[in-house]
Structure formats: structure tokens, C-alpha cells
Amino acid sequence: MFDTDLAPDTDCMTLDDLVQLAQAENAAACRKAMAAHEFWNWQIASAPDPVEVQFSAITEVAVALGISKRAADLLVETGSQLWHRLPLVHAAFEAGVIDYASVSTIVSVFRDACAETIDGVEPHLVPLAQRLTPGPLRRRLWALWFEVNPEEAAAAREVNQRVSRTVYVRQEGNGLAWLSACITDLEGHEADRLINEIAETVCPKDPRTRNARRADGLMALLHGETVLVCRCEDVDCPKAGVEQPTRRKFLLQILIDIKTLLALKSGAATLDDGTPIPVELVRELAGDAAWQAIFAELAALADKPRSGDSLPLVDCGRVRKPASVPAKPLVTPSRWSNSALKYKPDATVAAVVRAMCPTCTFPGCCVPSRDCELDHINPFNHDNPSLGGLTIVSNLQPVCKAHHQLKTKKLWGCRRVKSGVMWTSPNGLTRITRAGPYPANLAPNLDQELVEPDTGGWIHADDLEAELDHPTWWEIHIGPEVPGPTLNDIALADDPAQQQTLRSLRRLYMQHRQVQNLRESLEPPPF
């Protein structure tokens, strides 16, 4: 089974070597947990408002280590508990004889235990952690707590049942998703029995495995059904006559090139959370489900649209009946229309932003963009919107409520760069979140237009060099990568006041381009 070219007497790793490596890894994990706690403690101690900084410090740990906020929270808490309350566990962890999974399990179980309980259980913790894996260890720790302090354990169990219940779906991207639920132990036992019962409602010749029938049974229960349809295809099947009831149609939200949907070309498709799906499946679902789509003529987007051309979005936002396809493109608003000067984005802009970024743009955050708030990267100027923070695709990003608060309170900052959005932490840690996944060529060109020449608004040559050493007005208030309004934009504006605003913005943009061109001309050659 495991063929090898090594001769029997060849030097190779032994089990003792593996144990030593594991112990070194455990000791390093202990140092990491203690370092995370020390960093968090230092941030809190040096902050004028410790409560406000707590979450920001946790997010810095998460981003620095490339882990989730929840994992970072547990890492910091583990270091704190080891330092303040669990000296015996700390010593064993530091020596490498128990691993992080076991230590974090101990911490998560006894986080609300009093000092007397900790003193009573700690002599038993290291031996248990050495011989049990995390699942059995967790159950044994709860039993131990009930032995040492039953009243406190019962109260903690009640709190857990009240605050920890949840259900979530995690997309794998390989055609499968995990549906997980945190419910009470009695409810879990009941759910297991119900799933087993419905999985056994088919005949023994059903070709599915027991696990597959359990998964189908769970979906059937969610749809309010009580039996499965047998798939044995035997004419004498004792379960014959059971028909699949009509299930409620779901709403499918996809991002796809309409030519791809119509099989006129090959391409990619994604769900609204960024999960890639085969185009064949999209075509099948489009004929069988209610669906809501964002269509884009991606071929047209591969080149910069001409000045005045609308973004070639075919449709977005409507819920369509099965097998219906839009007949012609919708005209999307100009970048510098009145909608760009309003705080709330319109449905088209919001849909495109969420399609470009399926999740919160904060580094490592997986909150779907449909559950996020749309944030102005350059803050919207409520007193005078024309002075910056425009409500356009290139200045918007989906950010979950928690990370939006970090930006609003100026604990973290972000700005648009060519490759995405750059976030900066209070300690100077930077990460760039790139838009995607999205079909090829969609994101890079959404806000690009050719800038036409202009003869007005230029900075006099005698004053130009003085502008080189500091940011232009456009870089500060609008953003260096955002092109200004074109002459065509000004001509299309139907409001005289808006036309005047666009002329002023165009002059400021041309001054910015003038400075930018001089900077580029003064740069040394790349060789």
C-alpha cells in the first residue's frame, strides 16, 4: 500500500522524532499564546479608552496571524488564563507535553469558573489532556466541574444554552457546504433520532449510503417532509408510490455573463457569497427556480468603455420567473449623476459593489456582503457632497457592522489602491483585500473612463513645482485612482447647479493630473 524506495537500514524519522517535534510545536504554541496576551494587554494599558480598543487589538492579532477573530479571541484568552489562573496547565504546555487544542478546550470550558473551582479541578487537568482528544476531553471536563461545584456548573450550562445556540452554513467551494448547528444536548439527541428515522423510510435496495440518506433526510425535514423517495427503481419496491412533494422555490442570486448563461460562450459564475458554481448548473437552475441575477457583458468590460457609455450591466435586482432572460440592457446612471452625490447608493451600484466583493473587505472577515453595510472608503461629505466621498462603485465597499465601527472610530483606516482596499491597523499593520472572486475583467473596469483633454483650470508653470511635495486636493478628497468627470458627463447633467459642480470638480481633477504628470516625468528611469 505504501511503497518506498528506502532500504530498511536507511536513516529515517522515528516515532521518538515525531514526539519531539510535537513537543517543540506545543512549546512554540504556548509562547505564541503568551505573546498574543501580552500584546493585547499592552494595547489596553496604553489606551485612553480601554473598552473601545479591546476589539481593535483582537483584530490586529487576527490579521497578523491570518486567523479568524474568534480564533484570535481564544488565543488571547488562553494566554490570559494560563498566566493568571492555570499555572499547572501553563507549565505542562510550556514543556510541550500537552497541545494547544487541549489547552484551549480547558480554557473555553472553565472561563466562567470561580477560583475555588479552578483550584479543585486543576490537578486533574493535565493528566486528562494527555490521554483524551478535545471532544472527549470537553465532556469529561464538564463532568469534573459538576463533581467539584455542581451549582456553578449547572448555572454555566444554563448560560451556554441561552447564549451559544446558533446555526450557520459554511461553503466549501467544491460543490459542498457544511450546515452546522449548536443546540442543547437533548435537542441534539432528538435531532439525531429524527434524521435516522427519516433516513430509514426507503427500502434496503436504495443505492445511497447511510450518510447520504441522512443528509437527504435533513433537507426533507427542513422542507417539512416526513419520508424520503426511494431511488432503487425496483418495480416491486415496497416503498413505491411515495412521490416527491413540490418544494418551495428558492431565490437564486448569481453573477454571470449573459452570453455564458445562453451557452454562447464559456465563462464562470458565482453565487452572491462568491461561491463558484458550474455554468451548467446555473443554466439548469435558471430554468427551474426563481432567480435574481447581476448580468454583465464581460466582453465589453474587457476594454475601457468610451466616454458617456453606460456600464454594460444587463440587469440586476429583479426577481425573475424560471427560464426568463432579459431582452435588452438597462441604462445605468452616469458616475457623476445626482446619485453619486447622494449618501445612499441606488440598487444598481449596491448590487455591483456586493458582486465585486462577496464578503466584508476587512482582512480575513467572511461575513457575506449581503449582510454588510456599504461604506464610503473616502467619507461622504454630508455638508457638501461634491467635495468628496462620492457614492460610486470605486468609493464603496461592503463592511460588516463590527469592522465598520473600527473604521468609524478611526481605530483602523482604509483607502482604495489599484489592487483593492488597503486596511491599516493602529500599529501600522497593512493588508490589501482584493475584490473577488468575480468573472474575469468585471471588477477592474467598472469605474474606468478615458479622460478627455481640457484647456481650463491649469496650474501656472511657475507654481507647479511647489505642488509636488504634498497631496493634491483630488488625492485627499476623492482618491488618486478615481478619474474625474468628463465633458460628456457635464453635458449630460440636466441640472445647472450640478453642471457647475462638475465643472469645478473637473478643474480640480485636471490640476491633479498636471501635478501627477510632472511627478512621473521627474522619476528616475527603472534601470
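Residues numbered from 1 in each chain as written. Predicted model: local features only at pLDDT ≥ 70, side-chain atom pairs only at ≥ 80, totals over all residues. Heavy atoms only, no water.

Notes on the overall build of the chain
Regarding its fold elements, the chain presents 19 helices and 13 strands. Considering only contacts in the chain between residues 6 or more positions apart, those separated by 24 or more positions represent 60%. As displayed, the chain has an accessible area near 30200 Å², and 55% of this comes from carbon and sulfur atoms. (Helix = DSSP H or I, 4+ residues; strand = E, 2+ residues; numbered from the N terminus. Contact = heavy atoms within 4.5 Å. Areas by Shrake-Rupley, 256 points an atom, 1.4 Å probe, with all protein chains shown as cover.)

Some words on the sheet that holds strand β13 (residues 430-433)
The strand order β11-β12-β13 describes an open sheet built from three strands, whose pairing is antiparallel. Every other strand in the sheet has two partners, leaving β11 (413-417) and β13 as the edge strands with one partner each. In this sheet, neighbouring strand axes are inclined to one another by 25 degrees on average, regardless of whether the strands run parallel or antiparallel. Here β11 runs beside strand β12 (residues 420-424); their pairing, made up of five bridges, is antiparallel. Note on β12: the bridge partner recorded for valine 417 is glycine 420. (Pairing = 2+ DSSP bridges. Axes fitted to C-alpha atoms, helices over the stretch in contact; angles between N-to-C directions.)

Quick notes on the confidence of the model for the chain
With 75% of its residues at a pLDDT of 70 or more, the chain shows a mean pLDDT of 78. Across residues 295-333 the pLDDT falls below 50, and counting only partners more than four positions away or on other chains, this stretch makes 102 contacts in the model. Considering only residues more than four positions removed or in separate chains, one finds that residues 437-457, a stretch of pLDDT under 50, has 61 contacts. (pLDDT = per-residue confidence, 0-100.)

Focus: unusual backbone geometry
Phi at glutamate 233 takes a positive value of approximately 60 degrees, unusual for a residue other than glycine. Classification of glutamate 233 by relative accessible area gives exposed; the value is 78%. One non-glycine residue, lysine 410, adopts positive backbone phi at about 60 degrees. Residue position: lysine 410 is located in the loop between α15 (401-408) and β11. Residue lysine 410 is classed as exposed on the basis of its relative accessible area of 71%. (Buried < 20%, exposed > 50% of the residue type's maximum accessible area, 1.4 Å probe, protein only.)

Points about helix α3 (residues 69-84)
Given a rise of 1.5 Å per residue, 16 residues ought to cover 22 Å, and the 22 Å separating the end C-alpha atoms of α3 matches this to within 8%. Considered for burial, the residues of α3 that qualify are Ala72, Leu75, Val76, Glu77, Thr78, Gly79, Ser80, Gln81 and Leu82. Buried-residue contacts for α3 involve α1 (15-45), α2 (50-65), α4 (87-95) and α5 (100-110). (Expected span 1.5 Å × (residues − 1).)

Comments concerning the environment of leucine 341
Mapped onto the elements of the fold, leucine 341 is located in the loop between β8 (319-320) and α14 (347-356). The class for leucine 341 is partly exposed, based on a relative accessible area of 22%. Measuring from C-alpha to C-alpha, the distance between leucine 341 and asparagine 381 comes to 9.1 Å, with 40 residues separating the pair along the chain. The contacts of leucine 341, once residues within four sequence positions are left out, are Phe380, Pro385, Ser386 and Leu390.

As for the packing of α1 against α3
Contact geometry for α1 and α3: axes closest at 7 Å, N-to-C directions at 95 degrees. Put simply, α1 runs roughly perpendicular to α3. Across the interface between the two elements, Lys32, Ala33, Met34, Ala36, His37 and Trp40 of α1 pack against Leu75, Val76, Thr78, Gly79, Ser80, Leu82, Trp83 and His84 of α3. (Parallel < 35°, antiparallel > 145°, perpendicular 65-115°, else oblique.)

Details of the side chain of glutamate 122
Looking at where glutamate 122 falls in the secondary structure, it is placed in helix α6 (residues 115-131). For the buried glutamate 122, no salt bridge is present, and the opposite-charge side chain at shortest range is arginine 85, 9.2 Å distant. Separated by 3.2 Å, the side chain of glutamate 122 and the backbone nitrogen of valine 89 make a polar contact. (Lys, Arg positive; Asp, Glu negative; His and termini not counted. Salt bridge = Lys/Arg side-chain N within 4 Å of Asp/Glu carboxyl O. Polar contact = N/O pair within 3.5 Å; in protein donor to acceptor, adjacent residues only side chain to side chain.)

Here we look at the nonpolar core
In terms of nonpolar packing, the biggest core is built from 29 residues, with Val89, Phe110 and Leu125 touching the most fellow members. Among the elements that line this core, the one with the most residues is α6, at six residues. Counting 14 residues, the second largest nonpolar core, distinct from the first, contains Phe362, Cys365, Ile377 and Cys400. (Core = buried A, V, L, I, M, F, W, Y, C linked by side-chain atoms within 4.5 Å.)

Things to note about the packing of aromatic side chains
The full count for this structure, using the stated rule, is seven aromatic pairs. Aromatic side chains tryptophan 142 and tryptophan 145 sit 5.1 Å apart centroid to centroid with 25 degrees between the ring planes, which places their arrangement in the stacked category. Of this pair, tryptophan 142 and tryptophan 145 both sit in helix α7 (residues 134-148), three residues apart, which is roughly one turn of that helix. A single burial state applies to tryptophan 142 and to tryptophan 145, both of which are buried. (Phe/Tyr/Trp six-rings, centres within 6.5 Å; stacked < 30°, edge-to-face > 60°.)

A short note on the state of the cysteines
Counted by the stated rule, this structure contains zero disulfides. The thiol of cysteine 365 is unpaired, and the distance to the nearest cysteine sulfur, on cysteine 360, comes to 3.8 Å. Accessibility expressed as a relative area gives 12% for cysteine 365, which makes it buried. A disulfide-free cysteine, cysteine 366 has its sulfur positioned 6.5 Å from the sulfur of cysteine 365, the nearest such atom. Overall, the relative accessible area of 64% leaves cysteine 366 in the exposed class. (Disulfide = S-S within 2.5 Å.)

Notes on the pairing of strand β1 (residues 166-171)
Taken together, the six bridges between β1 and strand β2 (residues 177-182) define a ladder with antiparallel strand orientation. In the strand pairing of β2, tyrosine 168 is matched with serine 180. Two successive antiparallel strands, β1 and β2, enclose a turn made up of five residues, where glycine 173 displays a positive phi of approximately 85 degrees.

As for the pairing of β12
Within β12, four of the five residues are buried, which leaves it mostly tucked inside the rest of the structure. Remark: two residues form the turn of the hairpin made by β11 and β12, two consecutive strands paired antiparallel. The pairing of β12 with β13 spans four bridges and is antiparallel. The residue of β13 that forms the bridge with tryptophan 423 is arginine 431.

A look at a nonpolar patch on the surface
On the surface, a cluster of nonpolar side chains totalling about 470 Å² of accessible area is made up of Val167, Val169, Leu179, Met219 and Leu222. Mapped onto the nonpolar patch, the elements with two or more residues apiece are β1 and α10 (210-222). Considering the arrangement of structural elements, one finds valine 167 in strand β1. (Patch = residues over 30% accessible without salt bridge, like charges linked within 9 Å, V, L, I, M, F, W, Y side chains within 5 Å.)

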